[in-house]
Amino acid sequence: MALVAITREMGSLGKDVADGLSEALGVPLYYHEVADHLADRMRVRKSHVIRLLDGKANLLERLTADKTSLSIFTADEIVNMAAQEKGAVIRGWGATHLLREVPHAVCVRICAPFELRKQRMMERVSSSDADKIAEEIQQNDEAHTAIMKRNFDVRWTDSENYDVVLNTERVSVKECVDRVLGLVRSPEFAETDASRKKLQDLALAWRVKAALRLSPKTRGLRVSVTSKGGRVQLAGMLDTAEERAAVTEVAAQAGARDIDDALRSADAVRPRFQ
């Protein structure tokens, strides 16, 4: 199963590279689908989700946005799309950082110098307003930087966060596609039983996290969720035994068949006085 995650700067031609990889590998390309699913789950307009992520949301939209839910639901969508047996190319949405620990996932950054990106965008939208285009690119870059810092505590421009960084100033789209294909087809990125299980564990953990966030019974609770070998571990301190029971119930409903319950409730450890 081919799995590629791509992040790109506006005007870098990363969209074209993603399209080329999807066609060459014969696997689906995911981008717009994520926004559709997030809008449905959060019960907001798709345009609202996109404006939040592009840094174009107005003050009211920013103040009323549930950023925690957006982050969790995004991760759940991305990782579970990646876990489909047919493989995938996933563009944007933090996929490169979410899938970094999956051994067969190739994480790619496509970039280009700012002035070149500005010129490309002016040509793409048939605009002669260089200042306006420059402002839009800067706004997009700043929004991406803020989201990656908040959600993953990384600088998304640092090359060590990727398997390959390609600069389209001198490397053509076709050459970018060919170089990534070389990695996908190399022994180092071959899918194995171990790497597949790693991805399945990651998908299960995020599915449980999303379910806990969605359920009114567990929405505000602080619970750590990990999965290894299909076994889900739940950890954290809760107020009551009822909350603990609710967490394990929601986790089981989300697909956790084997649960290691390391949760603790304050009412169970609180000393009793005569």
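Thresholds, definitions, all that
Residues numbered from 1 in each chain as written. Predicted model: local features only at pLDDT ≥ 70, side-chain atom pairs only at ≥ 80, totals over all residues. Heavy atoms only, no water. Core = buried A, V, L, I, M, F, W, Y, C linked by side-chain atoms within 4.5 Å. Buried < 20%, exposed > 50% of the residue type's maximum accessible area, 1.4 Å probe, protein only. Helix = DSSP H or I, 4+ residues; strand = E, 2+ residues; numbered from the N terminus. Contact = heavy atoms within 4.5 Å. Expected span 1.5 Å × (residues − 1). Pairing = 2+ DSSP bridges. Axes fitted to C-alpha atoms, helices over the stretch in contact; angles between N-to-C directions. Polar contact = N/O pair within 3.5 Å; in protein donor to acceptor, adjacent residues only side chain to side chain. Parallel < 35°, antiparallel > 145°, perpendicular 65-115°, else oblique. Left-handed = near helix turned anticlockwise from the far one by under 90°. Nonpolar A, V, L, I, M, F, W, Y, C, P; charged D, E, K, R; others polar. Salt bridge = Lys/Arg side-chain N within 4 Å of Asp/Glu carboxyl O. Phe/Tyr/Trp six-rings, centres within 6.5 Å; stacked < 30°, edge-to-face > 60°.

**Examining the nonpolar core**
Soluble, globular proteins show a tendency: their nonpolar side chains are buried together.
Then comes step 1: Within the largest apolar cluster, 28 residues are counted, with the highest numbers of intra-cluster contacts made by Leu3, Ile78, Val79, Ile90, Leu99, Leu199 and Trp206.
Then comes step 2: Listing elements by their share of this core, those giving two or more residues are β1 (3-8), α2 (32-42), α5 (67-82), β3 (88-91), α6 (95-98) and α10 (193-214).
Then comes step 3: With 8 residues, the top contributor of residues to this core is α5.
Then comes step 4: With residues up to four places along the chain from it excluded, the contact list for isoleucine 78 reads Val34, Ile90, Trp93, Ala95 and Leu98.
Then comes step 5: Formed by 21 residues, the second largest nonpolar core is a distinct cluster that contains Val4, Ala18, Leu21 and Val184.

**Regarding unusual backbone geometry**
Then comes step 1: The backbone phi angle of tryptophan 93 is positive, close to 65°, even though this residue is not glycine.
Then comes step 2: Take tryptophan 93: it is sitting in the loop between β3 and α6.
Then comes step 3: In this structure, serine 126 takes a positive phi of about 55° despite not being glycine.
Then comes step 4: You can call serine 126 exposed: its relative accessible area is 68%.

**Side note on α5**
Then comes step 1: Its 16 residues give α5 an end-to-end C-alpha distance of 22 Å, which sits within 8% of 22 Å, the value for a rise of 1.5 Å per residue.
Then comes step 2: For α5, the buried fraction is high: 13 of the 16 residues fall into the buried class.

**Some thoughts on the sheet that holds strand β8 (residues 258-265)**
Then comes step 1: Pairing is mixed across the open sheet formed by 3 strands, whose spatial order is β6-β7-β8. With one partner strand each, in any of the chains shown, β6 (224-228) and β8 form the two edges of the open sheet. Each adjacent strand pair in this sheet contributes to an overall mean axis angle of 15°, direction not counted.
Then comes step 2: Sheet topology places strand β7 (residues 231-238) next to β8; 8 bridges connect them, and they run parallel. Residue pairing for β8: leucine 238 is matched across the bridge by serine 265.

**Let's talk about the pairing of strand β5 (residues 164-167)**
Then comes step 1: Alternating residues of β5 divide into Val164 and Leu166, all buried, and Val165 and Asn167, none buried.
Then comes step 2: In this sheet, β5 lies alongside strand β4 (residues 105-111) in parallel orientation, the contact comprising 4 bridges. Bridge pairing links arginine 109 to valine 165 in β5.

**Observations concerning the sheet that holds β5**
Then comes step 1: If you walk across this open sheet you meet the 5 strands as β2-β3-β1-β4-β5, and the pairing is parallel. Strand pairing shows two members of the sheet lacking a second neighbour, β2 (29-30) and β5, which therefore form its edges.
Then comes step 2: Across 2 bridges, β2 lies against β3 in parallel orientation. The residue of β3 that forms the bridge with tyrosine 30 is isoleucine 90.
Then comes step 3: Of the strands in this sheet, β1, β2 and β3 touch α5, which is tilted by about 155° from β3.

**Some remarks on the side chain of aspartate 76**
Then comes step 1: With respect to the helices, strands and loops of the structure, aspartate 76 is situated in helix α5.
Then comes step 2: In this structure the side chain of aspartate 76 is engaged in a polar contact, spanning 2.7 Å, whose partner is the side chain of asparagine 80.

**Observations regarding the packing of helix α1 (residues 14-25) against helix α9 (residues 173-184)**
Then comes step 1: At a closest axis distance of 9 Å, the pairing of α1 and α9 adopts a crossing angle of 50°. Taken together, α1 and α9 sit at an angle that is classed as oblique. The hand of the α1/α9 crossing is right-handed. Here α1 contributes Asp16, Val17, Gly20, Leu21, Ala24 and Leu25 to the contact with α9, which in turn contributes Val173, Cys176, Val177, Val180, Leu181 and Val184.
Then comes step 2: Within the contact of α1 with α9, the residues separate by chemical class into 10 nonpolar, 1 polar and 1 charged.

**Regarding the pattern of salt bridges**
Where side chains of opposite charge bring their charged atoms close, a pairing between them can arise.
Then comes step 1: What the rule picks out here adds up to 15 salt bridges.
Then comes step 2: Close ionic contact of lysine 217 with glutamate 249 constitutes a salt bridge, the shortest N to O distance being 3.2 Å. You can see lysine 217 sitting in the loop between α10 and β6 and its partner glutamate 249 sitting in helix α11 (residues 241-253), a full 32 residues away along the chain.
Then comes step 3: Taking the shortest distance from any N to any O, the salt bridge between aspartate 261 and arginine 244 comes out at 3.2 Å. Here aspartate 261 is found in strand β8, whereas its partner arginine 244 is found in helix α11, with 17 residues between them in sequence.
Then comes step 4: According to the relative accessible area criterion, aspartate 261 is partly exposed, its value standing at 32%.
Then comes step 5: Connected through salt bridges with shared partners, the residues Glu9, Arg109, Arg117 and Asp141 form a single ionic network.

**What to know about the packing of aromatic side chains**
Then comes step 1: Taken as a whole and assessed by the stated rule, the structure comprises 1 aromatic pair.
Then comes step 2: Ring geometry for tyrosine 31 against tryptophan 93: centres 5.9 Å apart, planes inclined by 45°, an arrangement best described as tilted. Of this pair, tyrosine 31 sits in the loop between β2 and α2 while tryptophan 93 is found in the loop between β3 and α6, placing the two residues 62 residues apart along the sequence.
Then comes step 3: Look at tyrosine 31 and you get partly exposed, because its relative accessible area is 24%.
Then comes step 4: For tryptophan 93, a relative accessible area of 14% translates into the label buried.

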